[in-house]
Amino acid sequence: MGLCDIQDIKEILGRHGFRFSKALGQNFLTEAWVPARIAAECGAGEDDCVVEVGPGMGCLTVELSQRAAQVAAIELDRALFPVLDETLAGCGNVEVIQGDVLKTDLAALCREKFPGKTVYACANLPYYITSPAISALLDSGAFAGVTVMVQKEVAERICAPAGSSDYSAFSIYVQYHADAHILFDVPRDCFMPQPKVDSAVIRLTPREKPPVEVEDERLFFAIVRAAFNQRRKTLVNAIGTAFGGRFDKAQLTELVTFCELDERVRGERLSLADYARLTNAACTLMRTRGYL
Ligand code: SAM
């Protein structure tokens, strides 16, 4: 039985009366090299444990179970459980957990299932929850590495450098929390049903501490969001909302130029270090005004 063989996939799923759900982002891999390579590059060694999101039929789960000490696979769709009972029958170190990854306390799960172990996260993510799932995996603080397949354009956005057209608020969020890079591309014809876009596997390595020092993280991300919400506007015109309208345009211009930035610059040109400088200068100004 090949978990990536189209005939075998059809046979097993047909026998269990399973139908693919577009709403659940169910595009299963049909090329065995892909799950093998994801598992090989996810960083987990034989003493480590893995949390997988969305095992589907289990093609990646089997690969992970052969490389890691234990695997916990979170699957939302109950219809896949009888299928997984069959396909994972030979994998004694795998536990399939029914649930929604976005509603799961991932840190608690790792503590409970894998106490004292180094844990990695791995997934062929359902497209419809790419950003919240990545945020949940990073915010949990539970993983030594997060290796996930996402749409290629999302992968490029996440890893984009400052100033590029793909650079976004989400690039900054991810790069603040993790070192991010693309491992390899996966063409659309490696899936069933075939999606309309290509994919890429990215590796996020959570940082021990952020790459820039920020006095107030909430304000930092509020400024970033405000800047990218209106990315066609200059930074000065875009960021006022982040300060609850407390600063007028002249004051914002002064703040921006104080940070050695051009007053006509757009937010998409700023590096993480620029945003950190701006946040810290704003904190100082707000403190002198008694706002903080
Ligand atoms: N790992 C399999 C593979 O590579 O062939 C399946 C990947 S498929 C893109 C995504 C999987 O995530 C599906 O099995 C789907 O049912 C599951 N899923 C969708 N939403 C989920 C959620 N919120 N939490 C956990 N699993 C979810």
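Each remark here, short or long, concerns the structure printed above.
Residues numbered from 1 in each chain as written. Predicted model: local features only at pLDDT ≥ 70, side-chain atom pairs only at ≥ 80, totals over all residues. Heavy atoms only, no water.

## Considerations on the nonpolar core
- In terms of nonpolar packing, the biggest core is built from 71 residues, with Ile-134, Leu-204, Leu-235, Phe-243 and Tyr-275 touching the most fellow members.
- Per-element accounting of this core gives the leading share, nine residues, to helix α9 (residues 217-229).
- When we break this core down by domain, the ones giving at least three residues each are domain 1 (6-206) and domain 2 (217-288).
- Counting 36 residues, the second-largest nonpolar core is a separate cluster that includes Phe-28, Leu-60, Val-94 and Val-201. (Core = buried A, V, L, I, M, F, W, Y, C linked by side-chain atoms within 4.5 Å. Buried < 20%, exposed > 50% of the residue type's maximum accessible area, 1.4 Å probe, protein only. Helix = DSSP H or I, 4+ residues; strand = E, 2+ residues; numbered from the N terminus. Domains from an automatic or database assignment.)

## Quick word on the site of the ligand
- Neighbouring the ligand are 24 residues, the closest being Gln-26, Gly-54, Glu-75, Asn-124 and Tyr-128.
- In the environment of the ligand, a nitrogen atom lies 3.3 Å from a nitrogen or oxygen atom belonging to the backbone of Pro-55.
- Relative to its unbound accessible surface of 600 Å², the ligand loses 99% to contact with the protein.
- Taking a 2 Å distance to the grid points as the criterion, the majority of the atoms of the ligand fall inside the largest cavity.
- Residue assignment for the shell around the ligand shows that the elements contributing at least two residues are β1 (28-29) and β3 (70-75). (Near = heavy atom within 4 Å. Polar contact = N/O pair within 3.5 Å; in protein donor to acceptor, adjacent residues only side chain to side chain. Areas by Shrake-Rupley, 256 points an atom, 1.4 Å probe, with all protein chains shown as cover. 1 Å grid on protein atoms, 1.4 Å probe; cavity = no way out; pocket = protein on both sides within 12 Å on 5 of 7 lines; lining within 4 Å. Sits in = over half its atoms within 2 Å of the grid points.)

## So, the sheet that holds strand β2 (residues 49-53)
- The strand order across the open sheet built from seven strands is β4-β3-β2-β5-β6-β9-β7, with neighbouring strands paired in mixed fashion. Only two strands of the sheet have a single partner each, and these edge strands are β4 (94-98) and β7 (178-186). Adjacent strand axes in the sheet meet at a mean angle of 20 degrees, parallel and antiparallel pairs treated alike.
- Summarising the sheet, strand β6 (residues 145-151) and strand β9 (residues 199-206) pair through six bridges and their orientation is antiparallel. Along β9, the bridge assignment pairs Val-150 with Ala-200.
- In the packing of helix α8 (residues 169-177) onto the sheet, contacts are made with β7 and β9, and the angle to β7 comes to roughly 115 degrees. (Pairing = 2+ DSSP bridges. Axes fitted to C-alpha atoms, helices over the stretch in contact; angles between N-to-C directions. Contact = heavy atoms within 4.5 Å.)

## Let's talk about the environment of Asp-262
- In this fold, Asp-262 is placed in the loop between α11 (249-258) and α12 (272-288).
- Residue classification places Asp-262 among the partly exposed positions, given a relative accessible area of 40%.
- Asp-262 sits 13 residues away from Lys-249 along the chain, and the two C-alpha atoms are 14 Å apart.
- From its side chain, Asp-262 meets the backbone nitrogen of Arg-264 in a polar contact 2.7 Å long.

## Description of the packing of α8 against α9
- Axis separation between α8 and α9 bottoms out at 9 Å; the angle between their running directions is 150 degrees. It follows that α8 is roughly antiparallel to α9 by the angle criterion. Contacts from Ala-169, Ile-172, Tyr-173, Tyr-176 and His-177 of α8 reach α9 at Glu-217, Phe-220, Phe-221, Val-224 and Phe-228.
- Across the contact of α8 with α9, the residue classes tally to eight nonpolar, one polar and one charged. (Parallel < 35°, antiparallel > 145°, perpendicular 65-115°, else oblique. Nonpolar A, V, L, I, M, F, W, Y, C, P; charged D, E, K, R; others polar.)

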